[in-house]
Amino acid sequence: MSDSPMRANGSSGLSRRGFIAGTSSIFGVAALSGRASAASTAAIPTAVGATVIDPGAHVPVLIIGTGYGGSVAALRLAQAGVDVHMIEMGMSWDTPGSDGNVFANTTSPDQRSYWLRTRTKQPLSNFLGFPLDKDVPRYTGILDAEEFAGITVYQGRGVGGGSLVNGGMAVTPRRENFGAILPTVDAAEMYDVYYPRANSGLGVNHIDPAWFDGAACYQYARVGRKHAQRSGFPFVFVPNVYDFDYMKQEAAGAVPKSALAGEVLYGNNHGKKSLQKTYLAQARATGRVTISPLHKVTSVSPAAGGGYTVAIDQINTSGDTTATKSVTADRVFFAAGSVGTSKLLVRLKATGALPGLNGEIGKGWGDNGNVMCGRANHMWDATGKLQASMPTGGIDNWAAGGAFAEVAPLPTGIETYASFYLSITKNPNRAEFSWNAATGRVDLSWQTAWKQPSINAAKTIFDKINSKEGTIYRTDLFGTNKIWGDHLTYHPLGGAVLGKATDNYGRLHGHPGLYVIDGALIPGNTSVNPFVTITALAERNIERIIADDL
Ligand code: FAE
């Protein structure tokens, strides 16, 4: 398709530098014009208010990780009268820096933004031909861009896990798709009991459609809706854990801005109901849950007198180990996320620490079919200078084309005439984690070429929209002349799959008292954004474990 002189593809009316200086996106983002300076003076939030674990301690339950699975387990166990200690490798994220904010803005990453990197690794790496990454001081920041041979996996680090950095999209899969997501789980009880429980616990809310229709900050989403509908695709509203009443007040200028200031990828200072404000707040209020931030579990092995010996490195904000601790726990829950849990279990099996684990450990890993792209709109389809960083709409072509595409923001502060999308697709490829004794690391077998089915699925939507609208794909967002963001995932799933590496409730085979309760249980795809399903499955499993095992 040829370019049209009327198309505003980013070069008309604005200088490249002007564009770049404002660029940021939930899915991309940017640091520009020297704003991502290594000399950032924001003070360093430290872990306060936490009761860190003592060497030699004995705890009834130890949970590795404080994301969705870990937070659900902690709350329900505490409510059942069990004392719980949570170990979290990231920081507590509860103390403002000298700029008055706990979290860095998406447009100006500093040391708070990345996990132990000296240079940012932004999902949207380029804009109009310019690379966007900048040097930052090495620090235990909030977003980890973990690199494997064929894929970069983005994950949240800190008390609250992925809830600290994610877009808050809280999507319950369509029921007819559930059988393919978790084939061994009773759909009726999930949709009658555990999805509603998860939605309630997470504080999921819906945008007011009348407000959406008039809000300047959702012009980009209305353009996305119009284009979807004109090509015959259903546009659906997506619930979120960002408080839409707060957002209304932001738009009215009544409260400090967060979503309307572009905050998301490096944390939201206001408005978002992260796990710190929901499950973890409730868990702490029981008085039975304590958390050790900046502590990393390195080993779990059977203890001589029963239970498990857990080895932990305490680290500083440079990532250096400052103490090693050995504690015992009667039961251990692996809630370190799909990648964290899989890496631990694969290594512990291969090195003989947990010899009873079965051959399914490390298998069944998928990227939830994530692939990104942008489209260049015509001048008459402006997407708006002000864009809420919390997406609230999607294009559902799952049944016909195997793709569910979020209409995502590009909150640059200037008009870009761009539409941007993160698609979740039906990608059948599954990778495996394996122990590499030579490097002392766990490898992942995913290959970049395995994204092709995702690109094909996304094209079922965007080729049609481009053809209908007379528009083209952006080629400047992920490199030079590159249409597809096929190098990453935000949604790692699998590696210790339910009913394979574990029983049907997450009990690891071969070692009674060890459980998996996070995204590692889900075999690679949820057809929509995953955290509601991870939370609902954790609610289901912990109820059974409390009833039968404790
Ligand atoms: P997770 O939340 O990753 O928690 C694991 C925790 O364990 C982390 O805090 C780790 O630091 C910690 N940990 C790991 N290893 C260790 C160790 N050895 N010792 C101690 N602690 C450890 O796991 N999903 C949606 O549904 N909607 C969205 O809008 C959305 N947007 C996203 C945007 C971004 C940028 C990213 C990165 C993710 C997004 N996700 C979204 C994915 C979602 O956050 C993710 O699926 C969940 O956070 C996974 O939950 P888990 O409980 O499995």
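Report follows, based on the coordinates.

Analysis parameters
Residues numbered from 1 in each chain as written. Predicted model: local features only at pLDDT ≥ 70, side-chain atom pairs only at ≥ 80, totals over all residues. Heavy atoms only, no water. Near = heavy atom within 4 Å. Polar contact = N/O pair within 3.5 Å; in protein donor to acceptor, adjacent residues only side chain to side chain. Areas by Shrake-Rupley, 256 points an atom, 1.4 Å probe, with all protein chains shown as cover. Helix = DSSP H or I, 4+ residues; strand = E, 2+ residues; numbered from the N terminus. Phe/Tyr/Trp six-rings, centres within 6.5 Å; stacked < 30°, edge-to-face > 60°. Buried < 20%, exposed > 50% of the residue type's maximum accessible area, 1.4 Å probe, protein only. Lys NZ or Arg CZ within 6 Å of the ring centre and 35° of its normal. Pairing = 2+ DSSP bridges. Axes fitted to C-alpha atoms, helices over the stretch in contact; angles between N-to-C directions. Parallel < 35°, antiparallel > 145°, perpendicular 65-115°, else oblique. Left-handed = near helix turned anticlockwise from the far one by under 90°. Contact = heavy atoms within 4.5 Å. Nonpolar A, V, L, I, M, F, W, Y, C, P; charged D, E, K, R; others polar.

## Things to note about the site of the ligand
Right, so step 1: Taken together, 37 residues form the shell around the ligand, and within it E88, G162, M169, G519 and F531 come nearest.
Right, so step 2: A distance of 3.3 Å separates an oxygen atom of the ligand from a polar atom in the backbone of G158.
Right, so step 3: Burial of the ligand by the surrounding chains reaches 96%, relative to a free accessible area of 1,000 Å².
Right, so step 4: Counting only elements with at least two residues in the shell around the ligand, the list comes to α2 (68-79), β6 (152-156), β9 (295-302), α9 (337-350) and α12 (531-549).

## Quick word on the packing of aromatic side chains
Right, so step 1: The tally for this structure, following the rule as stated, stands at 20 aromatic pairs.
Right, so step 2: Ring centres 4.7 Å apart and planes at 5° place the aromatic pair Y68 and F531 in the stacked group. One end of the pair, Y68, is in helix α2; the other, F531, is in helix α12, with 463 residues separating them in the sequence.
Right, so step 3: We classify Y68 as buried; its relative accessible area is 10%.
Right, so step 4: A residue is classified by how much of its surface remains accessible, and F531, at 7% relative accessible area, is buried.
Right, so step 5: Considering the side-chain rings of W446 and W450, the 5.3 Å spacing of their centres and the 75° angle between planes classify their relative orientation as edge-to-face.
Right, so step 6: Owing to a relative accessible area of 2%, W446 belongs among the buried residues under this scheme.
Right, so step 7: Put simply, the rings of W211, F212, Y218, Y220, F235 and F237 pair up and form one aromatic cluster.
Right, so step 8: Positioned above the aromatic ring of F233 is the side chain of K464, whose terminal nitrogen or guanidinium carbon lies 5.1 Å from the ring centre.

## Thoughts on the environment of Q452
Right, so step 1: Among the structural elements, Q452 can be located in helix α11 (residues 452-469).
Right, so step 2: For the pair formed by Q452 and V371, sequence separation is 81 residues and the distance between their alpha carbons is 9.5 Å.

## Considerations on the sheet that holds strand β19 (residues 488-489)
Right, so step 1: Spatially, the 3 strands line up as an open sheet ordered β5-β6-β19, and their pairing is mixed. Looking at the sheet topology across the chains shown, the edges are occupied by β5 (143-147) and β19.
Right, so step 2: Here β5 runs beside β6; their pairing, made up of 5 bridges, is antiparallel. Along β6, the bridge assignment pairs E146 with V153.

## Re the packing of helix α4 (residues 187-202) against α12
Right, so step 1: Close contact between α4 and α12 brings their axes to 8 Å; oriented N to C, the two are set at 110°. Relative to α12, the element α4 is oriented roughly perpendicular. As α4 runs across α12, the sense of the crossing is right-handed. Along its contact with α4, which presents E189, M190, Y194, Y195, R197, A198, N199 and L202, the element α12 presents F531, V532, T533, T535, A536, L537, E539, R540 and E543.
Right, so step 2: Residue classes in the contact of α4 with α12 are distributed as 9 nonpolar, 3 polar and 5 charged.

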